[in-house]
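So the chains spell out like this:
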Amino acid sequence: MKSEINNSRSGNSTESIKQGFLEHLKYTLGVDEYTTTDHDLFMALSYTIRDRLIDQWIKTQQTHHRKNTKRAYYLSLEFLMGRAMGNNIINMKLEDKVSEALEQFGYSLEVLEDQEADAGLGNGGLGRLAACFLDSMATMNLPSFGYGIRYDYGIFKQKIDNGYQIEQPDEWLRNGNPWEIERPDVTVKISFGGRVESYIERGKAIYRWVDTNDIIGVAYDMPIAGYGGKTINTLRLWSARAAEEFDFQGFNEGDYVEAVSDKVQAENLTKVLYPNDTLYLGKELRLKQQYFFVACSLHDILRRFRKSGEPWIRFPDFAAIQLNDTHPSIAIPELMRLLVDEEGLAWDTAWNITVSVMGYTNHTLMPEALEKWPEPMLKKLLPRHLQIIFEINRRFLNLAITIFPNDMNSIREISIIEESNPKQIRMANLCITGSHSTNGVAALHTELLKSRLVPGFAKIFPERFNNKTNGITQRRWLLHANPPLAELITSTIGDNWITDFSQIRKLESWADDAHFRKKFLKTKENAKQKLSLLMERKYGITIDTSAFLNVQIKRIHEYKRQLLNILQIIIQYNRLKNGNPKEFIPRVSIFAGKSAPGYDMAKLIIKLINNVANVINNDESIENKLKVHFLADYKVSLAENIIPATDLSEQISTAGTEASGTGNMKFMCNGAITIGTMDGANIEIVEEAGIENEFIFGLNTEEVKLLRKSYNPREYYNKNREIKGAMDLIINNYFSFSEPGIFDPIKKMLLENGDRYLHLADLGSYDDAHREAEALFSNKEEWSRRAILNIASSGKFSSDRTITEYARDIWGLKPCPVE
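Residues numbered from 1 in each chain as written. Predicted model: local features only at pLDDT ≥ 70, side-chain atom pairs only at ≥ 80, totals over all residues. Heavy atoms only, no water.

**Considerations on the nonpolar core**
Consideration 1: Counting 142 residues, the largest nonpolar core has Leu75, Phe292, Ile301, Phe315 and Trp811 as the members making the most contacts within it.
Consideration 2: Among the elements that take part in this core, helix H11 (residues 284-306) stands out by supplying 11 residues, more than any other.
Consideration 3: Each residue touching Leu75, except ones within four places of it in the same chain, is listed here: Tyr147, Phe293, Val294, Ser297, Ile301, Ile321, Gln322, Leu323, Asn324, Pro328 and Ala331.
Consideration 4: With 120 residues, the next largest nonpolar core counts Ile541, Leu563, Ile570 and Val588 among its residues. (Core = buried A, V, L, I, M, F, W, Y, C linked by side-chain atoms within 4.5 Å. Buried < 20%, exposed > 50% of the residue type's maximum accessible area, 1.4 Å probe, protein only. Helix = DSSP H or I, 4+ residues; strand = E, 2+ residues; numbered from the N terminus. Contact = heavy atoms within 4.5 Å.)

Written out as structure tokens, the structure reads:
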């Protein structure tokens, strides 16, 4: 009997998967063939797959504990995980057996996968990068934990109504999450508010944080399977609970609302993911979220270290803590508080430990996007941490003055405290001061970080700065997202590329093989047909699958320049209206992405895209040669369908603004060619694939810097007839319908307020690149050759390579294979 149970829980044969599936339908979900729904089937299959993760998950933790190994702890406020089932099936190498088991029951794996809600616990690239990193760390047998927040509501659902973005709550947990396991025994008491008492004891200052308001953090664990299913690491997400569930006295006195108010207030802390929006910087709930998850995570990390019995001086030999942007930056004063106040270490000893274990990843070149917190807010919520930050800054400035002895401007810039009214705490400055490593996420980004954003720190700590170009996991973004292309690659060069993406370079010689090019074009056609079916089912849109598919899918922001894209589309529309449509190739332009709710200009750009699409898509005179579609509610699962189908990848940010980008890498390994500026990781894509195999346009970083001194956008408007023609359609309300003047802010931004992101300066060059791309697309042989060369050149952009560099250069971490 025991072996039968084990077989239904852990066996990988078709029969054992079928048995486990049926058992979960009956005994876990309590349904039969008459009452089961597609969602029940999805849940039963998820539990069946999870069963096959559990043994190795436990064994992974046992192995790491037994070998007393060093671990990496990745702290991120965002993890944009997407759907888990397909990824887990791929990484456990169970796809054939699962598909066969379901087919024998008359079910489709694809249909069941579509029942899963995206775990949208992030706003965009930063959260998706964190998810890719977890996959790579597990695949490479690196002992690691991810730590974040279990938001009840993820990134909002986006609806489009009359062209406008409408935000709706994303209830991703409404139907349950089969991949998580609640750990009610793993709880942490977290404090806010109160005051600090201090006194001298045996000649030493003692600090006590008292009269606090406390809440409880409860751990929820999700297994992260490496490819092959040997190492199963953990993503631990924290959920807030009230320290006291219920005020019984208040209830007895008839005050029912007040009796549960503490519970409601506490649980609101992890209710909602904050949108990526400067409007929300400096909000109290955001700071409380950051401290909550950091404090829970550090408590967990230190608890694990205490079990080793080693002295605190050896803590850096057992733990490497990576701060994913400034969101977890409060970890630095929190670790100091724990070591100094609770463990009794001397300040210098605690500081050396803190700097040794902490690493910081910077993700932005925008000064306005660097987090700051008002001093009064920190004093109110985290009074002891504010004291520690002031002491860190005092000691740091004593050092800085020796580097900049007569330069108060430099001292002011690098100080952790901004002397404004009220004073602000600069969290990036705190991160650089309190960690042994600060890394950028692309070569250009790292150089600009040192030379423009924080040059003072680069002078004081030159050895701390390093580059770690971002990457993506080829297992999700190629093997899982594009099975026909993955199968073609494997049948041609073998399957080593799945875990060693440098092997993809072997495809290079096949770009000149006509038969292989034909097979590649067939996979692209299949991907377009799949996308077309999804668009018809979800949006009621049909597309010409033979058309030239241009795609820009990312967060809507002025610097990412969706506006540049739609301006070029309007130019193309004017050409079609004024010329012979039969002379043009069919083109479909797809946009997707969300604007932060408080970002009015980004939301207006969405409205413009939708209004332009409405005009173009209903204009019969252009004979369907141009179509524009904005696909609502962009998320990981939608990207997995769009990216494999794409011909031209739009990576068109103003040079010097995009830290890296990872969408560009996903498109590249799926055989799309990049049209882009020399910005972020585009530069390294060009280095790998050759500039002749991309469509590069526009000003570079130095040219942008130079032009800004004298830039007059009206000059470009006046001297270029086609730019003027496109702008005039917007200005003259051609796309406004019954809302005249609706796009006046865009006109003012471009023509009157300086066009900060140089749309009009780059538009002519961008349009030329588009024309070049369209001409090449007509030559299918040459287009497919260059597309294949892009795939063959994408090996550098695996997150496996990125994580190898983190482990070697920052964490000092070695693989720990699990039997």
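Now, onward.
**Some points on empty space enclosed by the protein**
Consideration 1: Per the stated rule, a full pass over the model turns up one cavity of 30 Å³ or more.
Consideration 2: There is about 80 Å³ of room inside the largest cavity.
Consideration 3: Forming the boundary of the largest cavity are Lys554, Lys560, Gln651, Ile652, Ser653, Glu658, Ser660, Gly661, Asn664, Asp679 and Asn682.
Consideration 4: Of the residues assigned to the lining of the largest cavity, the class counts are one nonpolar, six polar and four charged. (1 Å grid on protein atoms, 1.4 Å probe; cavity = no way out; pocket = protein on both sides within 12 Å on 5 of 7 lines; lining within 4 Å. Points joined across faces, edges and corners; volume = space filled by probe spheres on them. Nonpolar A, V, L, I, M, F, W, Y, C, P; charged D, E, K, R; others polar.)

**A look at the sheet that holds strand S12 (residues 319-324)**
In any sheet, the strands associate via hydrogen bonds between backbone groups, in a parallel or an antiparallel arrangement.
Consideration 1: Taken in spatial order, the nine strands of this open sheet run S7-S10-S11-S4-S1-S12-S13-S17-S18, and their pairing is mixed. One side of each edge strand has no neighbouring strand; the edge strands of this open sheet are strand S7 (181-192) and strand S18 (465-467). Here the average twist between neighbouring strands, direction ignored, is 25°.
Consideration 2: Pairing of S12 with strand S13 (residues 358-361) involves four bridges; the strand directions are parallel. Bridging across to S13, Ile321 finds its partner in Met358.
Consideration 3: The sheet contacts of helix H7 (residues 125-139) involve strand S1 (71-75), strand S4 (144-149), strand S10 (213-225), strand S11 (232-242) and S12, and relative to S10 the element is tilted by about 55°.
Consideration 4: Sitting on the sheet, helix H12 (residues 331-342) is in contact with S1, S12 and S13, with an inclination near 170° to S13. (Pairing = 2+ DSSP bridges. Axes fitted to C-alpha atoms, helices over the stretch in contact; angles between N-to-C directions.)

**Considerations on the packing of helix H23 (residues 562-578) against helix H30 (residues 721-731)**
Consideration 1: In contact at an axis separation of 9 Å, H23 and H30 are set at 100° when each is read in the N-to-C sense. With respect to each other, H23 and H30 are oriented roughly perpendicular. Contacts from Leu567, Ile570, Ile571, Asn574 and Arg575 in H23 reach Glu722, Ile723, Gly725, Ala726, Met727, Leu729 and Ile730 in H30.
Consideration 2: Taken together, the residues of the contact of H23 with H30 break down into eight nonpolar, two polar and two charged. (Parallel < 35°, antiparallel > 145°, perpendicular 65-115°, else oblique.)

**Digging into the pattern of salt bridges**
Consideration 1: For the structure shown, the criterion picks out 61 salt bridges.
Consideration 2: In this structure, the salt-bridge partner of Glu334 is Arg337, at a minimum N-O distance of 3.0 Å. Placement of the pair is Glu334 and Arg337 together in helix H12, with a separation of three residues, close to one helical turn.
Consideration 3: Classification of Glu334 by relative accessible area gives buried; the value is 2%.
Consideration 4: Its relative accessible area of 9% is what places Arg337 among the buried residues.
Consideration 5: Where Glu684 meets Lys796, a salt bridge forms, and the shortest distance between an N and an O atom there is 2.9 Å. Taken together, the residues span a long stretch of sequence, with Glu684 in helix H27 (residues 682-689) and Lys796 in the loop between helix H33 (780-792) and helix H34 (799-811) at a distance of 112 residues. (Salt bridge = Lys/Arg side-chain N within 4 Å of Asp/Glu carboxyl O.)

**Re the state of the cysteines**
Consideration 1: Overall, the coordinates contain zero disulfides when judged by the stated rule.
Consideration 2: Left unpaired, Cys132 is separated from the closest cysteine sulfur, that of Cys669, by 10.0 Å.
Consideration 3: On the basis of relative accessible area, Cys132 is assigned to the buried category, the value being 1%.
Consideration 4: No disulfide involves Cys296; its sulfur sits 19 Å from that of Cys431, the nearest cysteine.
Consideration 5: Residue class for Cys296 comes out buried when judged on its relative accessible area of 0%. (Disulfide = S-S within 2.5 Å.)

**Some details on the packing of aromatic side chains**
Consideration 1: Using the criterion set out here, one finds 28 aromatic pairs in the structure.
Consideration 2: Their ring planes at 65° and their centres at 5.1 Å tell us that Phe305 and Phe315 sit as a pair that is edge-to-face. With Phe305 in helix H11 and Phe315 in the loop between H11 and S12, the pair connects residues that are 10 residues apart, well separated along the chain. The burial state of Phe305 is the same as that of Phe315; both residues are buried.
Consideration 3: A connected cluster of aromatic rings, assembled from ring pairs, spans Tyr73, Phe145, Tyr147 and Trp238. (Phe/Tyr/Trp six-rings, centres within 6.5 Å; stacked < 30°, edge-to-face > 60°.)

**Considerations on the confidence of the model for the protein**
Consideration 1: Overall, the predicted model of the protein reaches an average pLDDT of 95, with 96% of residues at or above 70.
Consideration 2: In the predicted structure, residues 1-5 sits below a pLDDT of 50 and forms one contact with residues beyond four places in sequence or in another chain. (pLDDT = per-residue confidence, 0-100.)

**With respect to the sheet that holds strand S15 (residues 417-418)**
Consideration 1: Strand order in this open sheet of three strands is S14-S16-S15, and the pairing throughout is antiparallel. Across the chains shown, the open sheet's two edge strands, defined by having one partner strand only, are strand S14 (372-374) and S15.
Consideration 2: In terms of strand pairing, S15 meets strand S16 (residues 424-426) through two bridges, oriented antiparallel. Across the sheet, residue Ile417 finds its bridge partner in S16, namely Ile425.

**Let's talk about the side chain of Thr234**
Consideration 1: For Thr234, the location among the structural elements is in strand S11.
Consideration 2: The class of Thr234 is buried, set by a relative accessible area of 3%.
Consideration 3: Here the side chain of Thr234 touches Trp57 through a polar contact of 2.8 Å, side chain to side chain.
Consideration 4: Each residue touching Thr234, except ones within four places of it in the same chain, is listed here: Trp57, Gln61, Ser144, Phe145, Gly146, Asp221, Met222 and Ile224. (Polar contact = N/O pair within 3.5 Å; in protein donor to acceptor, adjacent residues only side chain to side chain.)

**Quick look at the side chain of Arg517**
Consideration 1: Mapping Arg517 onto the fold places it in helix H22 (residues 514-539).
Consideration 2: Among the polar contacts listed, one links the side chain of Arg517 to the backbone oxygen of Ala511, at a separation of 2.9 Å.
Consideration 3: Leave out the neighbours within four places in its chain, and Arg517 touches Ala511, Asp512, Glu781, Ser784, Arg785 and Ile788.

**Description of the environment of Thr212**
Consideration 1: Topologically, Thr212 is positioned in the loop between strand S9 (204-210) and S10.
Consideration 2: Separated by 165 residues in sequence, Thr212 and Tyr47 have C-alpha atoms that sit 41 Å apart.
Consideration 3: Not counting residues up to four positions away in its chain, the partners in contact with Thr212 are Ser191, Phe192, Gly193 and Gly194.
Consideration 4: Side chain to side chain, Thr212 and Asp214 meet in a polar contact 2.8 Å long.

**A word on the pairing of S9**
Consideration 1: Where strand S8 (residues 195-201) and S9 come together, seven bridges link them in antiparallel fashion. Counterpart to Glu197 in the pairing with S9 is Arg208.
Consideration 2: The loop that links S8 with its antiparallel partner S9 comprises two residues; one of these, Arg202, has a positive phi angle of about 55°.

**Describing helix H31 (residues 744-752)**
Consideration 1: Every buried residue belonging to H31 is among Ile746, Met749, Leu750 and Leu751, and all of these are buried. Buried residues of H31, seen end-on, are gathered within an arc of 170° and therefore sit on one face of the element.
Consideration 2: The inward-facing, buried residues of H31 contact H23, helix H24 (600-617), helix H29 (713-719), H30 and helix H32 (759-777).
Consideration 3: After H31 finishes, the residue Gly754 shows a positive phi value of roughly 95°. (Arc of directions from axis to C-beta.)

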